[in-house]
Amino acid sequence: MIGRIASFRAALKQAHGLPWAAPAVGLLAALSIYPMVFSIKVSLTGQAGGFSFEHYLRLLTDRFFLISVWQTVIYSLAALTVEFLLGLTLALLIDSLTRGKSIFRAGLLVPMLLPPVVAAVAWRLIYNPQFGVLNGMLKMAGADTSRLTWTSGEGAAMISVILVDIWEWTPFLFLLLSAGLQAIPPDPIEAARMDGASNWQILWDVILPLLKPTIALALLLRAMDLMRIFDQIFILTQGGPGFATETTSLYIYRTAFRFYNFGYAAAMSFVGLLLTTLFARGLLRFMRVS
Amino acid sequence: MRALFVAFITFLTACSLSSCGKSGPSLVIAVNAGVEGSALKAAALEWAEQKGIHAEVVELPYANLFEKELLDLTSHTGAYDVVMLDDPWFPRLAEHLEPLPKDPDSDFVGPALDVCRLPYKTGAYRALPYVGNSQVFFYRGDLFDKYKLGKPDTWQHVLEAGKKIGAGEKMYGYVMRAAPGNAVVADFMPLLWAFGGEMFNSAMMPSLTSPEAIEALKFMIELGKIAPPGYTGFNADEVAAHLLQSTAVMSINWPAWIAAMDNPAKSNVVGKVEFAPMPAAKNPGIAELGSWLVAVPSGTKNKTLAFEFINWATDAERQKDAAMRGNPPTRKSVFLRQDLREKYHSFPVQLQSLETSRPRPRIASWNEVENAFGIYLSQANSGTLKPEEAMQKAELEIRQILLRSK
Amino acid sequence: MSKVLRYFAALIAFVYAVAPVYWLLTISLKSEVDQFAWPPKWFTFTPTLQHYYDAFASGSFSRFFGNSVIVASVSTLAALALGVPAAYGLARFAWPRDWAQGLSFWVLSTRMLPPIVTIVPLFLMMRELHLLNSLAALVVVYTAFNLPFVIWMMRGFFAEVPKELEEAAMLDGESRMGALWRIVLPLVRPGLAATAVFCLIVAWNEFLFALILSQTESAMTLPVGIASRVTQYEIKWGAMSAAGVVAMLPVLIFASAVQKHLVRGLSLGAVKG
């Protein structure tokens, strides 16, 4: 024990880089460790005060929590899949163009640069059943739009919200995958082409394997953000109608700030954090294996 | 160049640490971003100018206003000197509101004043009613006359008239708010009460599976059949829009929309819409109260000024001014004024509605209860759940909420 | 796929990406009658600046804009001031055991914390420090948000600069700090710029913390201001879209300036991280 402390002290002396990193680390620690500790304490405090596991127990039987987790999963999987496929397609497409690459790229990046609040507001306008341009255009094409209520219809709300996410964040995957594509050396592709491989084969057997680390990173980053999605849904539907688009973040927000139950909200956040971490580990492992 | 840059950065940092440009007494007022709030905002700016002080009006959307007020009041941050609150929020927020220094006078309409007391009807006054919102039944008087249907006095008559007129005029006989949450609950309560149901029994436990309650829900679904498709997502503006555009015959709505009905800029039905008290069924019709109150948080540092403002804003002269702008008053004398009665034909009905109105159940966890109840009601309307199932689930959920908040 | 087809597909994608933004722009410039007109008017309308006037001259949006500018710039500067030395420390010095890796990973992990976990404690913390409803609170929070990214990116860029350059300078009597400032930083200027722009964008766009930590308009930023116009019953479309357009302009301008470097920086960080 004393030996451990002594060797720790010695190591500390060797860490010449520490003074450089100390202020940054200090600020981060203050703003992450204290909140975590506080949250844990609050999650273990019953509504009557005093130590209690009641919040964690409630999680097991709370229908709404389970629904919100399910909805988060659906949202994340649907959005991630489409964003990845679309982003990859666009990356390959733009990369294959000979002229005007930067113009196309600039335009394609626009959605993800906007403040999510602005994007959500723009889509709320577009989705408005009576005056929005989406229904307006569909009506012009002859469709009956009286049932197309997009974000205010319980059935369509989730799809509508996912579509906005796809519009907004495909550029992110497009950007990362483009960067990855640019980093691929041209030789393996040349070699494969000279061997007579078709475009499909080149894509599948040469490009994709080389792109794997970038793909893994892109999927991981996006998945993490998807699971905590909040801003857009908050503006688009506030989790409604009813509970139709309530993801875990929104349910936690509602529990904390409308139902004034911080203890339960904290317990939910921790379980949510746990599930997210497990999922991330799983994803990384899966990518390493395949 | 570099010096300029450094100076700019220092300025920005200084600005962020201090609060650039605030001096003299000021009052911070939190209001609802919407029709109701704009009346109070106008009053606040007028008062501030008169008194020569600075009034900062913070406008926030409904849900957000509640969250901010809840957070400010419970953490005693004193960010707001005056708060505007919807009466269902009162039980939750009341303990953090400063009791009024002196009791309000008797000119205020009874039910509107009762909700300002903690405990309900008997305790100290902690708020003053500002917007006298109690539901009114909107209907196309011209069409009722055309088909010789008299008046919408019972719900059964409403349904039949709706079907008849709807078929004859190719309109929707009825339109309602059925968006999950606040909207659908607000439209359901008058039906529930008229059919003899109650949300809570004498032991303060939910009684939604009573035959009367289920009958009320079934009737609501019947009404839904003659309503525009998608009504299960409607809120007040969609309902008003259908009436204004002459696509629906009748609805329940708040008095805030009365002015729009006769406004040629917004309405296709000027002069055609009439107003009536809530239809009856087994019981006489009862309107749901939804008044907005003004109060002073106990955490504020400007109590005297704040009370001065709310007393000023709710006095008869100011209420008359606000009424001219379309704000429903809360004082009997204002309702009885000749000039206002000429402008608003609906005033007698509004006064009657307000005097006989009922508030929503006064429980601190109402927000959560309404949230759950609203989800199940909406699912019953959209057909996802059968009425009995919806009520059973709602009752179970509400019971759990009540037990948790003990 | 034939060339024409590919360009056509790229064009469709381009339009799909930009159309909603363009639509927002048109709403902000149309009179209310035109806004609700059917068929929708994409190009054939007379523009008006009324909504911009309503939002900024007579409305509170100029205040929100100013707040956003202050908060974004100061927090970016702070993040760089703290993060660049930290990245340098991690990249250049030998660390005992695997502390460098562990520290980097921990720093990155703070970025993974869902905001909802930290928001209530931070609210209470700011209340205790009497920083509630102040721009300073947001500056502190956003600095912490951006630090992991700054450290991650700059570490990658520093690793690309050969050590010899600083070592030569130090042999000539230059201090470590001096070497960083005078020799290394100028070399990584593009990466630094890209990092700074990214931090600005993150701080500019942030919503949840700005929403909870602000109570009156003196502390509200643009996203919060815009969200507060989305009311229960009606949305003030004109003013809101005008504010939205102004909210997105700085981001688009900055991002286009450093587009190339952003891509490079991200891929570098990806490879090293």
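Model, not experiment: these values are computed from the prediction.

Calculation criteria
Residues numbered from 1 in each chain as written. Chains lettered and ligands numbered in written order. Predicted model: local features only at pLDDT ≥ 70, side-chain atom pairs only at ≥ 80, totals over all residues. Heavy atoms only, no water. Helix = DSSP H or I, 4+ residues; strand = E, 2+ residues; numbered from the N terminus. Buried < 20%, exposed > 50% of the residue type's maximum accessible area, 1.4 Å probe, protein only. Contact = heavy atoms within 4.5 Å. Lys, Arg positive; Asp, Glu negative; His and termini not counted. Charge placed at Lys NZ, Arg CZ, Asp CG, Glu CD. Areas by Shrake-Rupley, 256 points an atom, 1.4 Å probe, with all protein chains shown as cover. Polar contact = N/O pair within 3.5 Å; in protein donor to acceptor, adjacent residues only side chain to side chain. Nonpolar A, V, L, I, M, F, W, Y, C, P; charged D, E, K, R; others polar. Axes fitted to C-alpha atoms, helices over the stretch in contact; angles between N-to-C directions. Parallel < 35°, antiparallel > 145°, perpendicular 65-115°, else oblique. Expected span 1.5 Å × (residues − 1). Buried area = accessible area lost by both parts, 1.4 Å probe. 1 Å grid on protein atoms, 1.4 Å probe; cavity = no way out; pocket = protein on both sides within 12 Å on 5 of 7 lines; lining within 4 Å. Points joined across faces, edges and corners; volume = space filled by probe spheres on them. Pairing = 2+ DSSP bridges.

S.K.: What should I look at first to understand the overall build of chain A in this one?
M.R.: The secondary structure content of chain A amounts to 13 helices and 0 strands. Per-residue burial for chain A yields a buried fraction of 56% across its 290 residues. A sequence separation of at least 24 residues applies to 66% of the contacts in chain A between residues at least 6 apart. Taken together, the 21 basic and 15 acidic charged side chains of chain A have centroids lying 9 Å from each other.

S.K.: When you look at the overall build of chain C in this model, what are you seeing that I'm missing?
M.R.: The secondary structure content of chain C amounts to 14 helices and 0 strands. For chain C, the sequential pattern of α-helices and β-strands runs α-α-α-α-α-α-α-α-α-α-α-α-α-α. Viewed in the frame of its principal axes, chain C has a C-alpha envelope of about 70 × 65 × 30 Å. Out of the 273 residues belonging to chain C, those deemed buried represent 58%. Taking the contacts inside chain C whose residues are at least 6 apart along the sequence as the reference set, 72% of them involve residues at least 24 apart. As presented, chain C carries roughly 11,200 Å² of accessible surface, and 68% of it is formed by carbon and sulfur atoms. Side chains of chain C carry 19 positive and 14 negative charges; the gap between the two charge centres is 6 Å.

S.K.: What am I meant to see in the interface of chain C and chain A here?
M.R.: For an interface, size is often stated in terms of accessible area lost upon the parts coming together. With 88 residues of chain C in contact, the opposing surface of chain A contributes 83 residues. Where chain C meets chain A, there are 8 residue pairs in polar contact (both at pLDDT 80 or more). By residue number, the principal contributor to the side of chain C that touches chain A is helix H1 (residues 3–29) of chain C, which donates 16 residues. Taken together, the residues that form the side of chain C that touches chain A break down as 73 nonpolar, 10 polar and 5 charged.

S.K.: I tried to follow the packing of helix H17 (residues 366–382) of chain B against helix H18 (residues 387–404) of chain B on my own but got confused; where do I start?
M.R.: When two helices pack together, their arrangement is captured by the angle between the axes and the distance separating the axes. Residues and elements named next belong to chain B. Following both chains from N to C, one finds H17 and H18 inclined at 170 degrees, their axes separated by 9 Å at the closest point. By the angle between their axes, H17 is roughly antiparallel relative to H18. Across from Glu368, Val369, Ala372, Phe373, Tyr376 and Ala380 in H17, the residues of H18 making contact are Ala390, Met391, Lys393, Ala394, Glu397, Ile398, Ile401 and Arg404.

S.K.: What am I meant to see in helix H4 (residues 63–96) of chain A here?
M.R.: A turn of α-helix holds 3.6 residues, and therefore any two residues three or four places apart point the same way. Helix length check: H4(A) (34 residues) gives 49 Å between terminal C-alpha atoms against 50 Å at 1.5 Å per residue, within 8%. Structurally, the start of H4(A) carries an N-cap: the backbone nitrogen of A:Phe64 is 3.1 Å from a side-chain oxygen of A:Asp62.

S.K.: When you look at the interface of chain C and chain B in this model, what are you seeing that I'm missing?
M.R.: Listed as interface residues are 27 residues of chain C and, on the opposing side, 31 residues of chain B. Summing both partners gives a buried area of about 2,400 Å² for chain C against chain B, and 61% of it is carried by carbon and sulfur. In this structure, the connection of chain C to chain B is made through 6 residue pairs in polar contact (both at pLDDT 80 or more). Of all the elements in the fold, those that place two or more residues in the side of chain C that touches chain B are helix H4 (61–92), helix H6 (115–128), helix H7 (135–160) and helix H11 (208–213) of chain C. No other element matches H4(C), which puts 5 residues into the side of chain C that touches chain B.

S.K.: Can you help me understand empty space enclosed by the protein in this one?
M.R.: Within this structure, the stated rule accounts for 5 cavities of 30 Å³ or more. The volume enclosed by the largest cavity comes to roughly 90 Å³. Lining the largest cavity are 15 residues, and of these A:Ser39, A:Phe262, A:Ala266, C:Ile116 and C:Val120 lie nearest its centre. For the lining of the largest cavity, the secondary structure elements donating two or more residues are helix H2 (18–43), helix H12 (248–257) and helix H13 (262–289) of chain A together with H6 of chain C. Of the residues forming the lining of the largest cavity, the biggest block, 5 residues, is contributed by H6(C). Estimates place the volume of the second largest cavity at around 70 Å³. Around the second largest cavity, the lining residues are B:Pro255, B:Ile258, B:Ala259, B:Ala323, B:Gly326, B:Asn327, B:Pro328, B:Tyr344, B:Ser346, B:Phe347 and B:Gln350.

S.K.: Before we go on, may I ask you to explain the sheet that holds strand E6 (residues 128–131) of chain B in this structure?
M.R.: For sheets, the rule is that strands pair by backbone hydrogen bonds, running either parallel or antiparallel. Residues and elements named next belong to chain B. Read from one edge of the open sheet, 5 strands run E2-E1-E3-E11-E6, paired in mixed fashion. Edge positions in the sheet fall to strand E2 (54–60) and E6, since each of these pairs with one other strand and no more. When the angles between neighbouring strand axes are averaged without regard to direction, this sheet yields 25 degrees. The pairing of strand E1 (residues 26–32) with strand E3 (residues 82–86) spans 2 bridges and is classified as parallel. The residue bridging Ala30 from the neighbouring strand is Val83, located in E3. In the packing of helix H2 (residues 35–51) onto the sheet, the strands contacted are E1, E2, E3, E6 and strand E11 (292–295), and the crossing angle to E1 comes to about 165 degrees.

Structural measurements only, silent on function.
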